[in-house]
Amino acid sequence: MKELYSELGISDKVIDYAESVLKKLSSRFNEIDKVTEYNQLKVLKAMQDCRVSEACLLGTTGYGYNDIGRDTLEEVFAHVFHTEAALVRPQITCGTHALALALMSNLRPGDELLSPVGKPYDTLEEVIGIRESKGSLAEYGISYKQVDLLENGDFDFDNIKKAISEKTKLVTIQRSKGYQTRKTLSVERIGELISFIKNIKPDIICMVDNCYGEFVETIEPSDVGADMIVGSLIKNPGGGLAPIGGYIAGKKECIENAAYRLTSPGLGKEVGASLGILKDLYQGFFLAPSVTSSALKGAIFAANLFEKCGFKVVPDSTESRHDIIQAITFGSPEGVIAFCEGIQAAAPIDSFVAPEPWDMPGYDAKVIMAAGAFVSGSSIELSADGPIKPPYAVYFQGGLTWEHAKFGIMKAFQAVFDKGLISEKDLC
Ligand SMILES: *Cc1c(COP(=O)(O)O)cnc(C)c1O
């Protein structure tokens, strides 16, 4: 084993250190395995209950009328998430599109949208119109209010109550922290927030941005009162196999609204050919619990590996997990760059290229990204990125297999070590 690791560029010292860190993680990994087992059975049972057949794996072309595979897949999602209905389509191009669709189809001019958990994910700023943008909700006369979390991360219940008015039609709750410093919300906390809101105004639609959260716990936000949960198929629920797509699962009426907006009034879910990708969507969803578990183990392994060497990690080495994202603060550009070079060098695709910081549109500093993925841009595959500005933190996620996540993190650790940013005595 050591010989093969060494051929792949990992020194004996780093291997020994990694193994010593891993030894202490067995009980946490056991807990994750239990969640995975539960979620695997949940998905399997849904597939059996919905009578997924070989014919479902084929697809349709053209209008896509009577696409049994597409319709059954939507039933499977609804079963797993315990919702009345679901919309799962390759015509939903990404997570942002799924979220925009859920919002635009369920809000009407004069309505107000409320985020009670602070600023939403960057790309949603343009959807909502926080940053001016063509086609935003603001352009259609839909207003927006936001209540930030309290300093200590708690919900600001007083101000949430004050923010809810006659106009408040929909509340958006982001589960994952995204690129913010707040903590990711557990499903239980999301449930508390939804109860509080529904107590004030029962007919408010509660939507949860579930990106990066699927299958991390045994329950999902739809189990604690969310009317809609929304996510991307090139993250957790695609299991690394879905080549495109997004989903919305929730109340029948919400899903119908979304379907009529996605295609056309009068057509709704009846059209939309699945082309040839259904097998990958089914198989990806089937594998999603164990792929998510690999990513989660990788995140915890990395937190422990780097925290012991003095780097700040969020979540920290012992915290409970509610999404698959790990942040590591290096405090120097060299650390961020070395880490990303290591992740890239560990990839199955494009391992021979070196990532470089560049001026990405929409960002105020250079950003470096590492990804060598089978599906372009897929972030359930091992990937990392970091803005080149203080505090010089890198965000990473994914790993289709635990063994690859482990290797990628060791490779990144080795790269940081080789730059002299970790001292040898930290490895004892
Ligand atoms: C990734 C992500 C999105 C957007 O998904 P894309 O597929 O990148 O458009 C939205 N919200 C959160 C929390 C995300 O992590």
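Conventions and cut-offs
Residues numbered from 1 in each chain as written. Predicted model: local features only at pLDDT ≥ 70, side-chain atom pairs only at ≥ 80, totals over all residues. Heavy atoms only, no water. 1 Å grid on protein atoms, 1.4 Å probe; cavity = no way out; pocket = protein on both sides within 12 Å on 5 of 7 lines; lining within 4 Å. Points joined across faces, edges and corners; volume = space filled by probe spheres on them. Helix = DSSP H or I, 4+ residues; strand = E, 2+ residues; numbered from the N terminus. Domains from an automatic or database assignment. Contact = heavy atoms within 4.5 Å. Salt bridge = Lys/Arg side-chain N within 4 Å of Asp/Glu carboxyl O. Polar contact = N/O pair within 3.5 Å; in protein donor to acceptor, adjacent residues only side chain to side chain. Near = heavy atom within 4 Å. Areas by Shrake-Rupley, 256 points an atom, 1.4 Å probe, with all protein chains shown as cover. Nonpolar A, V, L, I, M, F, W, Y, C, P; charged D, E, K, R; others polar. Pairing = 2+ DSSP bridges. Axes fitted to C-alpha atoms, helices over the stretch in contact; angles between N-to-C directions. Right-handed = clockwise from strand over helix to strand, strands pointing away. Buried < 20%, exposed > 50% of the residue type's maximum accessible area, 1.4 Å probe, protein only. Parallel < 35°, antiparallel > 145°, perpendicular 65-115°, else oblique. Left-handed = near helix turned anticlockwise from the far one by under 90°.

**As for empty space enclosed by the protein**
This model, assessed by the stated rule, comprises two cavities of 30 Å³ or more. Its boundaries defined by the atoms lining it, the largest cavity holds a volume of some 40 Å³. Lining the largest cavity are Tyr-121, Gly-178, Tyr-179, Tyr-212, Ile-325 and Gln-397. Taken together, Ile-32, Val-35, Thr-36, Phe-215, Val-216, Pro-289, Thr-292, Ser-293 and Leu-296 make up the full set of residues lining the second largest cavity. If you list the elements that add at least two residues to the lining of the second largest cavity, you get helix 3 (26–49) and helix 10 (278–307).

**Things to note about the domain arrangement of the chain**
Along its sequence, the chain is carved into domain 1 (2–39 + 286–427) and domain 2 (59–276). Averaged C-alpha coordinates put domain 1 and domain 2 at centres separated by 29 Å. The interface is formed by 28 residues belonging to domain 1 together with 25 residues belonging to domain 2. Linking domain 1 with domain 2 are one salt bridge, by the criterion used here. Between Lys-183 and Glu-319 there is a salt bridge; the shortest N-O distance is 3.6 Å. Seen at the junction of domain 1 and domain 2, the total is nine residue pairs in polar contact (both at pLDDT 80 or more). Within the residue set of the side of domain 1 that touches domain 2, elements represented by two or more residues are helix 3, helix 10 and strand 12 (393–397).

**Brief notes about the site of the ligand**
Lining the immediate environment of the ligand, one finds Cys-94, Gly-95, Thr-96, Leu-99, Tyr-121, Gln-174, Asp-209, Cys-211, Tyr-212, Ser-232 and Lys-235. With the chains in place, 89% of the 370 Å² that the ligand exposes on its own is no longer accessible. Per-element tally for the shell around the ligand: the top contributor is helix 5 (residues 95–106), with three residues. In the shell around the ligand, the residues fall into five nonpolar, four polar and two charged.

**Some thoughts on the environment of Thr-329**
Looking at where Thr-329 falls in the secondary structure, it is placed in strand 9 (residues 326–329). Not counting chain neighbours up to four residues away, the residues in contact with Thr-329 comprise Phe-311, Lys-312, Pro-391, Tyr-392 and Ala-393.

**Regarding the sheet that holds strand 4 (residues 168–174)**
The sheet built from seven strands is open, its strands ordered 1-7-6-5-4-2-3 with mixed pairing. Across the chains shown, the open sheet's two edge strands, defined by having one partner strand only, are strand 1 (85–89) and strand 3 (143–146). When the angles between neighbouring strand axes are averaged without regard to direction, this sheet yields 20°. Taken together, the five bridges between strand 4 and strand 5 (residues 205–209) define a ladder with parallel strand orientation. Counterpart to Thr-172 in the pairing with strand 5 is Met-207. Strands strand 1, strand 2 (112–115), strand 4, strand 5, strand 6 (228–232) and strand 7 (246–250) of the sheet are contacted by helix 5, whose axis makes an angle of about 150° with strand 6. Strand contacts of helix 9 (residues 252–262): strand 1, strand 5, strand 6 and strand 7, with the helix running at about 30° to strand 1, the strand carrying the most contacts.

**So, the pairing of strand 3**
As defined by bridge partners, strand 2 adjoins strand 3 across four bridges and the pair is classed as parallel. Pairing of Leu-114 across the sheet is with Lys-145, part of strand 3. Handedness of the β-α-β unit built from strand 2, helix 6 (residues 122–128) and strand 3 comes out right-handed.

**Notes on the pairing of strand 5**
With five of five residues buried, strand 5 lies mostly within the body of the structure. Here strand 5 shows two buried faces, one formed by Ile-205, Met-207 and Asp-209 and the other by Cys-206 and Val-208. At this point the chain moves from strand 4, through helix 8 (residues 187–200), to the parallel strand 5, and the crossover so formed is right-handed. Sheet topology places strand 5 next to strand 6; three bridges connect them, and they run parallel. Note that in strand 6 the partner of Asp-209 across the bridge is Val-230.

**Some points on the packing of helix 4 (residues 68–80) against helix 10**
Running from N to C, helix 4 and helix 10 point in directions that differ by 15°, and their axes come no closer than 10 Å. In terms of orientation, helix 4 lies roughly parallel with respect to helix 10. In this structure, helix 4 meets helix 10 at a crossing whose hand is left-handed. On helix 10, the residues touching Gly-69, Arg-70, Thr-72, Leu-73, Val-76, Phe-77 and Val-80 of helix 4 are Leu-278, Leu-281, Tyr-282 and Phe-285. Its residues assigned to classes, the contact of helix 4 with helix 10 shows eight nonpolar, two polar and one charged.

**Some thoughts on the packing of helix 10 against helix 12 (residues 402–418)**
Viewed as axis vectors pointing N to C, helix 10 and helix 12 meet at an angle of 25°, and their least axial separation amounts to 8 Å. The angle between helix 10 and helix 12 falls in the class roughly parallel. Remark: the crossing between helix 10 and helix 12 carries right-handed chirality. Where helix 10 abuts helix 12, its residues Ser-294, Lys-297, Gly-298, Phe-301, Ala-302, Leu-305 and Phe-306 lie against Trp-402, Ala-405, Lys-406, Ile-409, Met-410, Ala-412, Phe-413 and Val-416. Across the contact of helix 10 with helix 12, the residue classes tally to eleven nonpolar, two polar and two charged.

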